[in-house]
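# Descriptive analysis of the structure
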Amino acid sequence: MSKDKSAKIPTPQAVRGTQDMLGDFADRFAHVVETFEHVRRLYGYKRIEVPVIEPTAVFARSLGETTDVVSKEMYSFEDRGGESITLRPEFTAGIARAYITNGWQQYAPLKVATHGPLFRYERPQKGRYRQFHQLDAEVLGSESPLADAELLVFADQLLKELGIGDGVTLTLNTLGDAASRDAWRTALVEHFEAHRGDLSEDSLARLDKNPLRILDSKDPKDRPIADSAPDIDAFLTSEAQDFFGAVTAGLDAAGVAWERNARLVRGLDYYRHTAFEFVTDRLGAQGTVLGGGRYDGLIEALGGPPTAAVGWAAGIERLAMLVADDVIDTRLDAVIAVEDDGLLAYAMKTLAAMRSEGLATEIVATGSPRKRFDKAGKIPARALVAIGTRDGQSYTNIRGDEGLTLAINKIIRTL
């Protein structure tokens, strides 16, 4: 039976919750990453790379078996060797695993930063995707509150250099040390148990495993109960108070504005002391653009030695959505229009020389020679270089910024 050659082969569509990027948004995305790379170098954070895939146990242990991420959102599969593998849903656990297995304790305190794709099976919405991308910065092996303060100053400078500092607020809380947190947790459980009959199903499920998470419940049924729950301040040890005071003093000294949010929590037991979020009202209900905290118990939970650590992550797509139109200049430095094919070799030599001097340059050398100048003029660039002949004489005509024109002329004189 012959095949019907006229039958159209269906084109596979992109996986739901993923995106292809070109043009404006791709430029914004790249701008966020480039700015992050610049700022992390200013603060002495080493670039780090960790695998996209990890043993599922890395995330099940670090994120908690009962969390939504582990139970509902992780992309996990069994490989051919029978091992359960997961596409990373976040960076911190993989970095903690790498810290243990590679013996990076010898470099402590270790300041690292990375960026790349992450994967979660959740309902796509504004700024949220199933394959999404994050920036990540961590300090491993430091118990000092100055590490927390520096990370927050780093984040604040990043947002300002992206031009999105205005309208974004740093909200800050302390979860106390282990003794503070345990005492507060006991009081919260007593409070919520007294209102068990009025809690939502999700909060009832959290009551035994993750009671702190009830405090940030979005269910209207839970809000009166959560709002009347005791604050942690009544349970803070003097050491925990001093730690939080040192963090806020560091922020004040660096000129970083912050607001206290006593209801900002992290549910898992390995979180300690500082918890923070940079929030905005410019992205709808999901207003967090950068968040993190101190997780002194995580590395131990993954089988490593007791290790203090603190870090934050930020969604690249969400940051890119906040970048203003006039922040990114995507123009080339120059465009060369070759108006005489006999001068193509010279034009190519000029092109190579300009690029070697660091000038982003494109060339228009195809199509009708009479239309190349107009075609080149439609390409966004700071200078337009026309190369052609007139009355039997070759010419090079440069139009553009005065300083750039002088630089191009200097390059051409060396050819």
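Parameters at a glance
Residue positions are given per chain, counted from 1 along the sequence in the order it is written. Where local features are concerned, this predicted model is filtered to residues with pLDDT of at least 70; where side-chain atom pairs are given and counted, the filter is 80 or more; whole-chain, interface and lining totals use all residues. Remark: hydrogens and water are excluded; side-chain values derive from all non-hydrogen atoms of the structure. A helix here means a DSSP run of H or I that spans at least four residues, while a strand means a run of E at least two residues long, and both kinds are numbered starting from the N terminus. Taken over C-alpha atoms, the radius of gyration is set against a globule rule of 2.2 Å times the number of residues to the power 0.38. For the exposure calls, accessible area comes from a 1.4 Å probe over protein chains only, and a residue counts as buried if that area is under 20% of its type's maximum, exposed if over 50%, partly exposed in between. Here, two residues are considered to be in contact whenever any of their heavy atoms come within 4.5 Å of each other. Per-residue and other accessible areas follow the Shrake-Rupley method at a 1.4 Å probe size, with only the shown protein chains counted as cover for residues. His residues and chain termini do not enter the charge count, which takes Lys and Arg as positive and Asp and Glu as negative. Taken as the charge location is NZ of Lys, CZ of Arg, CG of Asp or CD of Glu. By definition, a salt bridge exists where a carboxyl oxygen of Asp or Glu is found within 4 Å of a side-chain nitrogen of Lys or Arg. Think of the arc as the fan of directions from the helix axis to the C-beta atoms. We treat two strands as partners when DSSP finds at least two bridges between them. Axes here mean lines fitted to C-alpha atoms, for a helix over just the part in contact, with angles spanning 0 to 180 degrees between N-to-C directions. Helices are assigned an expected span. That span is 1.5 Å times one less than the residue count.

### A word on the overall build of the protein
- The secondary structure content of the protein amounts to 14 helices and 15 strands.
- Taking 22 Å as the expected radius of gyration for a compact globule of 415 residues, we find that the protein reaches 28 Å, considerably beyond that expectation.
- Its C-alpha atoms give the protein principal-axis dimensions of about 95 × 75 × 45 Å.
- Every one of the 415 residues in the protein was classed for burial, and the buried ones make up 48%.
- Taking contacts inside the protein between residues at least 6 apart in sequence as the whole, the part at least 24 apart equals 71%.
- Within the structure as shown, the protein displays about 21000 Å² of accessible surface, and the carbon and sulfur contribution to it stands at 50%.
- Treating the 50 positive side-chain charges of the protein as one cloud and the 61 negative ones as another, the clouds have centres 8 Å apart.

### Brief notes about the side chain of aspartate 136
- Locating aspartate 136 in the fold gives a position in strand S6 (residues 131-140).
- Of the side chains with opposite charge, arginine 47 lies nearest to the buried aspartate 136, which makes no salt bridge, at 9.1 Å.
- Not counting residues within four places of it along the chain, the set of residues in contact with aspartate 136 comprises Phe36, Phe91, Thr92, Ile95, Val112, Ala113, Thr114, Trp312 and Ala313.

### Quick word on helix H7 (residues 201-209)
- Every buried residue of H7 is listed here: Ser203, Arg206 and Leu207. Buried residues in H7, looked at end-on, bunch into an arc of 120°, giving them a common side. Among the exposed residues of H7, those pointing more than 90 degrees away from its buried face are Glu201, Ala205, Asp208 and Lys209.
- Where the residues of H7 are buried, they touch helix H6 (178-193).

### Here we look at the sheet that holds strand S2 (residues 53-55)
- Within the open sheet, the 3 strands sit side by side as S2-S4-S3. Their pairing is antiparallel. Every other strand in the sheet has two partners, leaving S2 and strand S3 (76-78) as the edge strands with one partner each. Neighbour-to-neighbour, the strand axes of the sheet open up by a mean angle of 35°, direction not taken into account.
- Of the strand pairs in this sheet, S3 and strand S4 (residues 84-87) are connected by 3 bridges, and their pairing is antiparallel.

### What about H6?
- An ideal rise of 1.5 Å per residue puts 22 Å on 16 residues; H6 measures up with 22 Å between its terminal C-alpha atoms.
- Turning to H6, its buried residues number three or more, namely Ser180, Arg181, Trp184, Ala187, Leu188, His191 and Phe192. Summarising the axial view, the buried residues of H6 lie within an arc of 130°, below the 170-degree limit, and thus occupy one face.
- The inward-facing, buried residues of H6 abut H7, helix H8 (223-227), helix H9 (238-254) and strand S9 (272-280).

### Some points on the pattern of salt bridges
- Per the stated rule, a full pass over the model turns up 21 salt bridges.
- A salt bridge links glutamate 54 to arginine 97; the nearest nitrogen and oxygen atoms lie 2.9 Å apart. Of this pair, glutamate 54 sits in strand S2 while arginine 97 is found in helix H4 (residues 92-101), placing the two residues 43 residues apart along the sequence.
- Since its relative accessible area comes to 3%, glutamate 54 is described here as buried.
- Salt-bridge contacts for arginine 382 lead to aspartate 401; the nearest nitrogen and oxygen are separated by 3.2 Å. On the criterion of sequence distance, the pair formed by arginine 382 in the loop between helix H13 (369-377) and strand S14 (383-390) and aspartate 401 in the loop between strand S15 (393-400) and helix H14 (402-413) is long-range, its members being 19 residues apart.

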